[in-house]
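# Observations on the three-dimensional arrangement
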Amino acid sequence: MAKSVQAAGKVAANVGLAVVGVAFLVPLLWVVTTSVAQGQTLKVEWPKHFTGANFAHVTTVDILFRPLLNGLILCGGGTLITVVVAILAAYPLSRYRSRLKRPFLLTILFTTGLPITAIMIPVYAMFTQLNLIDQMWSATVFMGSTALPFGIWLMKNFMDSVPVELEEVAWTDGASSMATLRRIVLPLMWPGVIVVTIFTFIGMWGNFFVPFILLIDPNQLPASVSIFTFFDPQHGGVQYGQLAAFSIFYCIPVAVLYLVMSRKLSGSFALGGALKG
Amino acid sequence: MTASTTAERTPAAPEAPGAARVPTRSRTILRGLPLVPAVVLLLVFLAGPIIYCIYYAFTDMQLTGATTTNFVGLANFRKAFGDDQFYNAILQTLIFTVLSAIVGQNILGLVIALLFRLATKVLRSIVGALVIAAWVVPEIVAGYLMYAFFRDEGSLNEILKFLHLPQQNWLYTLPILAVSLANVWRGTAFSMLVYSAALAEVPAELTEAAAMDGAGVWQRFWHVTLPTIRRSVATNLMLITLQTLSVFGLIFAMTKGGPSNKSTTLPIYTYQTALQNYEIGYGTAMALVLLVIGALFSLVYLRALRPEAD
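The rules behind the values
Residues numbered from 1 in each chain as written. Chains lettered and ligands numbered in written order. Predicted model: local features only at pLDDT ≥ 70, side-chain atom pairs only at ≥ 80, totals over all residues. Heavy atoms only, no water. UniProt positions renumbered as here; feature names shortened; annotations may be inferred. Helix = DSSP H or I, 4+ residues; strand = E, 2+ residues; numbered from the N terminus. Buried < 20%, exposed > 50% of the residue type's maximum accessible area, 1.4 Å probe, protein only. Areas by Shrake-Rupley, 256 points an atom, 1.4 Å probe, with all protein chains shown as cover. pLDDT = per-residue confidence, 0-100. Axes fitted to C-alpha atoms, helices over the stretch in contact; angles between N-to-C directions. Parallel < 35°, antiparallel > 145°, perpendicular 65-115°, else oblique. Left-handed = near helix turned anticlockwise from the far one by under 90°. Contact = heavy atoms within 4.5 Å. Nonpolar A, V, L, I, M, F, W, Y, C, P; charged D, E, K, R; others polar. Core = buried A, V, L, I, M, F, W, Y, C linked by side-chain atoms within 4.5 Å. Domains from an automatic or database assignment.

Named according to an unreviewed UniProt entry, chain B is Amino acid ABC transporter permease originating from Actinocatenispora comari. Its UniProt record gives chain B a comment under Sequence similarities (unreviewed entry), which states: "Belongs to the binding-protein-dependent transport system permease family." According to UniProt, the comment filed for chain B under the heading Subcellular location (unreviewed entry) is "Cell membrane".

Under an unreviewed UniProt entry, the name given to chain A is Sugar ABC transporter permease, and the organism recorded is Actinocatenispora comari. For chain A, the Subcellular location (unreviewed entry) comment in UniProt is given as "Cell membrane". Recorded in UniProt under Sequence similarities (unreviewed entry), the annotation for chain A is "Belongs to the binding-protein-dependent transport system permease family."

This is the structure:
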C-alpha cells in the first residue's frame, strides 16, 4: 500500500510540474509563433501564414546590428572593467589579513543589496552637470562599477577555494604577488572567472534602466533600449511580429552564454559560490 | 595594533614576498594597492551618487535650465508625506513586493524544488530549462512577453476562455496583479535554484527517521525539512525582496505605471517625478526613501550572510 501511495505522489508531482512548465512555456512560445506569423497577434496560435518578413525587416544595421554592437561595447566593456578590477581587489581580500578587511567586505556585501534604481536620478543629475551624459565610455564605466560589489564578492569566494600553499612556494622563490596571481591563482580558478564574467555580462545585457537614463543619441542605444522603437506610434503602431523577431536575436547571446556556463558548471554551483558566507 | 602584528600572530596568514625586508607600513600599503581601482570606482560611481542623492533631496533642484538650486531643508520630505501619489507608490511597491517576491517567487520556487525531488528526470530538466529561460530573457523582453500575455486579446484570456473561466482586461482592471505575476514568471528561477541546492543538502536520514516515527509528508516538511533549510529561506527572501524593490523595466514595459497610477511603484513614480516632470529635488527625496528601505533590508541580509572568516 505504501508503494501505491508513493506512486500516486509521483504522478501528482509530475502533473504539478507539467502545469508549471506549461505556464512558463506559453509566454515564451508567443515570441516564436508571432515572429514567423503574418499579421498581428497577441496570443499563442499556429500561424495561418508563415513568413520570414519580420526577420528580414529587422536584420538591418539601424534596427538590429548597431544596437547589438552598442550593447556589446557597453556590456563587454563594462564586464571587462568589473572582472579585471574584481580580480585585483579579490586578491588582497582573499590572501591577507587586515583590520580593514572585515569592514570592507561588509560594505561590499551591503552594497550588493542597494537598489541601483534609486541612485539613477542623482547619477543622471551628476552626469548632466559633469557633461558625462550620452557618452558611451562613461556609461560603460558606470555599468562596470555597479556590477563591481557582486563581482568582488563572487571572485573573492572563488579565490578563497584556491589553496594558498602553492603560492607560498612561489613567494619563497621571490615571485611578486601580482606574478603569483597571474601565473598560479588565475589558472587554478578560471572556472570561477568565467562564471563571474558570464554572470556580469548577462546582467548588463538585460539592463534596461541604466542605458535608458544615461544614453540619449539613438545611434548609441543598446538593444535593451532600442527595442522601444517597436512601440513607437510614430512608426505605425506596435509591430509585434518585428518586436518578436528582434527579441529572438537580442536573446540569443545570453541564452548561448548561459548554456556555456551551465555546461561548464552547474547553475547551483555558481549560486553556491555567491551565497556561501 | 597594526595589521602586520595580526598577521604574525596567526600563522595561517601567508607572508608576502620579501616580507622581512620591506618596512611594515609601506608593506601594508603595497598589499592594499590592488584594491585601489575598485575603491576609486566604488567611491565615484556608488558612494558619490548616494551622497549627491542625500544632498539633492534637501534642495529644490530642477532640470529646466534657468532656475537656481536652493537648499530647502525638509520641504521635499514634507511634500512627499503629504502627497497621495507618494503613499500610493509606497502601497503599490508593498503589494508588488509581497505578492511577487515573498509569496509568489519564494513559494513557487520552493514548490518546484520539492516537486523536482519526486518527478521524473526528463520533466525535471524540461521544466527547469523553461523556468531558467524566463529568467535569462532580458528584462525588457520579459516585459513585452508579459504585456502580450496579459493583454485583452492575449494568451491568458484565450486559456481562460478555453477553460470556461471569466476573462478580463488584466492590464486595465488589475494591473498590479498582472505585473506581480509577470515578476513571478520572470524571477522564480532564482528561488528554484537556491531551494534545489538547499534541499539537496538536507540529510536523507533525517526525513527517513521522521517517516519511521510515523510523520506524514506535511509534518516531515514542516518539522524537519523547513527548519534545516531556514538559512537558505532567509537569504533567498532577502535577495528577492531587494531585487523586487528596484524592478523598473518590467513594469515600465507592461503598464508604464498606469492606468491611473494603479501600478505605479516607487521606482516608476520617482522616474516620473524627476525625469518627466524635471523635479530632481523632489524625485531624489523619494529615491532616498527607496534607498533607505533597501538599506534596511540589506542590513538584515548582511546579518544573515555575515562573512565568518576573520
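### Some thoughts on the overall build of chain A
If you tally the helices and strands in chain A, you get 14 helices and zero strands. What you see in chain A, going N to C, is helices and strands ordered as α-α-α-α-α-α-α-α-α-α-α-α-α-α. Looking at the 277 residues of chain A, the share that counts as buried comes to 53%. By element, 68% of the accessible surface of chain A is carried by carbon and sulfur atoms, the whole surface being about 11,900 Å².

### Section: the confidence of the model for chain A
Of all residues in chain A, 92% attain a pLDDT of 70 or more, and the chain-wide mean is 84. Summarising per-element confidence for chain A, the mean pLDDT is lowest in helix α14 (residues 267-275) of chain A (47) and highest in helix α6 (residues 136-146) of chain A (94).

### Side note on the packing of helix α3 (residues 61-95) of chain A against helix α10 (residues 190-206) of chain A
All names here are of chain A. Where α3 contacts α10, the axes come no closer than 9 Å and their chain directions differ by 140 degrees. Here α3 lies oblique to α10, going by the angle between them. For the pair α3 and α10, the crossing hand works out as right-handed. Counting all contacts with α3, which are made through Leu68, Gly71, Leu72, Cys75, Gly76, Gly78, Thr79, Thr82, Val83 and Ile87, the residues of α10 involved are Val193, Thr197, Thr200, Phe201, Met204 and Trp205. Residues of the contact of α3 with α10, tallied by class, amount to nine nonpolar, seven polar and no charged.

### A word on the nonpolar core
Judged by nonpolar contacts, the single largest core of 168 residues is most densely connected at Leu214 of chain A together with Phe150 and Met254 of chain B. Lining this core are residues from two domains, each supplying at least three of them: domain 1 (1-51) and domain 2 (54-275) of chain A. Formed by nine residues, the second largest nonpolar core is a distinct cluster that contains Leu110, Tyr195, Ala198 and Leu199 of chain B.

### Some points on the UniProt feature "transmembrane region" (unreviewed entry) in chain B
Residues and elements named next belong to chain B. Listed under "transmembrane region" (unreviewed entry) in the UniProt record, and renumbered for this structure, are residues 35-58, 89-115, 127-150, 170-186, 233-254 and 280-302. Secondary structure within residues 35-58 divides into 88% helix and 0% strand; the distance between the first and last C-alpha atoms comes to 33 Å. Overall, residues 127-150 shows 92% helix and 0% strand. The separation of its end C-alpha atoms is 22 Å.

### Some remarks on the packing of helix α5 (residues 84-116) of chain B against helix α10 (residues 175-200) of chain B
All names here are of chain B. Look at α5 against α10: their axes get within 6 Å of each other, and the N-to-C directions meet at 40 degrees. What the angle tells us is that α5 and α10 run oblique. Of the two elements, α5 crosses α10, and the hand of that crossing is right-handed.

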